[in-house]
Amino acid sequence: MRIGERPEPTAGPGEVRLKMLASALNYRDLLVPRRGYGSRMKTLPLIVLSDGVGRIDQVGRGVDAYRIGDRVCPLFFSSWPAGDPSADHLSHSLGCEIDGTMAEYMVVPASMLASVPAHLEDAEAATLPTAAVTAWRAIVTEGRVKPGDTVLVQGTGGVALFALQFAKMLGATVICTSSSDEKLKRARALGADDTINYLSTPEWGRVARDMAGGVGVDHVVEVGGQGTLPQSLRAVRPGGTISMIGVLAGSVMDAPLGLVVTRHVRLQGITVGSGEDFVAMARAIARSGMRPVVDRVFEFAQLPEAMHHLASGRHFGKICIRH
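A brief report on the enclosed structure follows. (Residues numbered from 1 in each chain as written. Predicted model: local features only at pLDDT ≥ 70, side-chain atom pairs only at ≥ 80, totals over all residues. Heavy atoms only, no water.)

Next up on the list: empty space enclosed by the protein. The full count for this structure, using the stated rule, is one cavity of 30 Å³ or more. Estimated volume of the largest cavity: approximately 50 Å³. Looking at the largest cavity, the residues that line it are Leu75, Phe76, Phe77, Trp80, Pro129, Val133, Val272, Gly273, Ser274, Gly275 and Phe278. Mapped onto the lining of the largest cavity, the elements with two or more residues apiece are helix H3 (128-142) and helix H9 (275-288). (1 Å grid on protein atoms, 1.4 Å probe; cavity = no way out; pocket = protein on both sides within 12 Å on 5 of 7 lines; lining within 4 Å. Points joined across faces, edges and corners; volume = space filled by probe spheres on them. Helix = DSSP H or I, 4+ residues; strand = E, 2+ residues; numbered from the N terminus.)

Structure representation (structure tokens):
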């Protein structure tokens, strides 16, 4: 990766130009420079990162929904405004198939934008398009978590902490796992009701099931994949849901699938969400006053250092870039 220059863009019909204020990193951003998404990636040069917030400084002809000065986020998927996922909806994501947010200016179709809650700082608002919408779709749109449910979240990365916050917003009990007692302490301060260190408790699935009254948890936010799914299957109750979000611990299916069938477990894949998800989520954040957890903010030229910090796993919450 390197910093490059292009001519300053201008907004055409149906478009707006954003003066970018901040961006945020996700695990996928570690894969993009290694061509981790293969042939689906945009031909180089590619502007990286999928999360960001900007202020509109140009409005093209025919745009009525936004005004100069509005603070907005570009949506992760440029072709998924609402409804169920489809091949077309999932084929145009920022920072992979199309240029991303790591720029001074972005020209974006007005249909690819959503307003952000006014109480959020720029770095906080920048975290919303990917991790927050992923957690919202897992917990709310697909998961339908309700008051009194028990939700297990794995780790203390961006998606996990958003899932914790959204689940608590809905009145659920939350169990959080991590390899760090210090991070688990911080998760409790954020609202987690119970915590498990998976290093000192390798069979954490049974422990989580016991914490949920012996019947199992209603919902698991699964980010590990191969290395954690067997324990998630032990933790989830009959008829419960496992939201498959990440494969940080391996991408090959290596789990007792009989438990999925005989216990009527729902395995639900989640890849971010739609513009409609973002709007509903932003409304809930605004009404509740919830604030995303920001671990650290780097300067624009420090993107490589920010990427190394993300890869280290030492972060708690989101890593952001100030523009």
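Once the structure has been displayed, the description carries forward.
On to the nonpolar core, then. If you look at soluble globular proteins, the nonpolar side chains tend to sit buried side by side. Judged by nonpolar contacts, the single largest core of 63 residues is most densely connected at Phe166, Phe278 and Met281. Element by element, the count of residues in this core is highest for helix H4 (residues 158-169), at eight residues. In this structure, Phe166 is in contact with Ala132, Ala135, Trp136, Ile139, Met281, Ile285 and Met290, ignoring residues within four places of it in sequence. Counting 18 residues, the second-largest nonpolar core is a separate cluster that includes Leu46, Ile47, Phe298 and Met307. (Core = buried A, V, L, I, M, F, W, Y, C linked by side-chain atoms within 4.5 Å. Buried < 20%, exposed > 50% of the residue type's maximum accessible area, 1.4 Å probe, protein only. Contact = heavy atoms within 4.5 Å.)

Mapped onto the elements of the fold, Arg28 is located in helix H1 (residues 28-31). Despite its burial, Arg28 remains without a salt bridge, the nearest opposite charge being carried by Asp29 at 4.7 Å. Within the local environment of Arg28, its side chain forms a polar contact with the backbone oxygen of Leu94, the two atoms lying 2.8 Å apart. Arg28 has contacts with Tyr37, Ser50, Phe76, Ser93, Leu94, Gly95 and Cys96, leaving out every residue within four places of it along the chain. (Lys, Arg positive; Asp, Glu negative; His and termini not counted. Salt bridge = Lys/Arg side-chain N within 4 Å of Asp/Glu carboxyl O. Polar contact = N/O pair within 3.5 Å; in protein donor to acceptor, adjacent residues only side chain to side chain.)

Turning our attention to the environment of Met307. Mapped onto the fold, Met307 is located in helix H10 (residues 303-312). Met307 gets classed as buried once you look at its relative accessible area, which sits at 9%. For Met307 and Ser39, which are 268 residues apart along the polypeptide, the C-alpha to C-alpha distance reads 23 Å. Discounting chain neighbours no more than four positions away, the residues touching Met307 are Met1, Leu25, Asp29, Leu30 and Pro33.

At the junction of Leu44 and Pro45, the peptide bond is cis and its omega measures out at 5° in the coordinates. Mapping Pro45 onto the fold places it in the loop between H1 and strand E2 (51-59). Although it is not a glycine, Arg144 sits at a positive phi angle of roughly 50°. Accessibility expressed as a relative area gives 55% for Arg144, which makes it exposed.

So, about the packing of H3 against H4. Look at H3 against H4: their axes get within 8 Å of each other, and the N-to-C directions meet at 50°. One finds that H3 runs oblique with respect to H4. For the pair H3 and H4, the sense of crossing is right-handed. Judged by residue contacts, Leu128, Ala131, Ala132, Thr134, Ala135, Trp136 and Ile139 of H3 engage Gly158, Val159, Phe162, Ala163, Phe166 and Ala167 from H4. Residue composition of the contact of H3 with H4, grouped by class: 11 nonpolar, two polar and no charged. (Axes fitted to C-alpha atoms, helices over the stretch in contact; angles between N-to-C directions. Parallel < 35°, antiparallel > 145°, perpendicular 65-115°, else oblique. Left-handed = near helix turned anticlockwise from the far one by under 90°. Nonpolar A, V, L, I, M, F, W, Y, C, P; charged D, E, K, R; others polar.)

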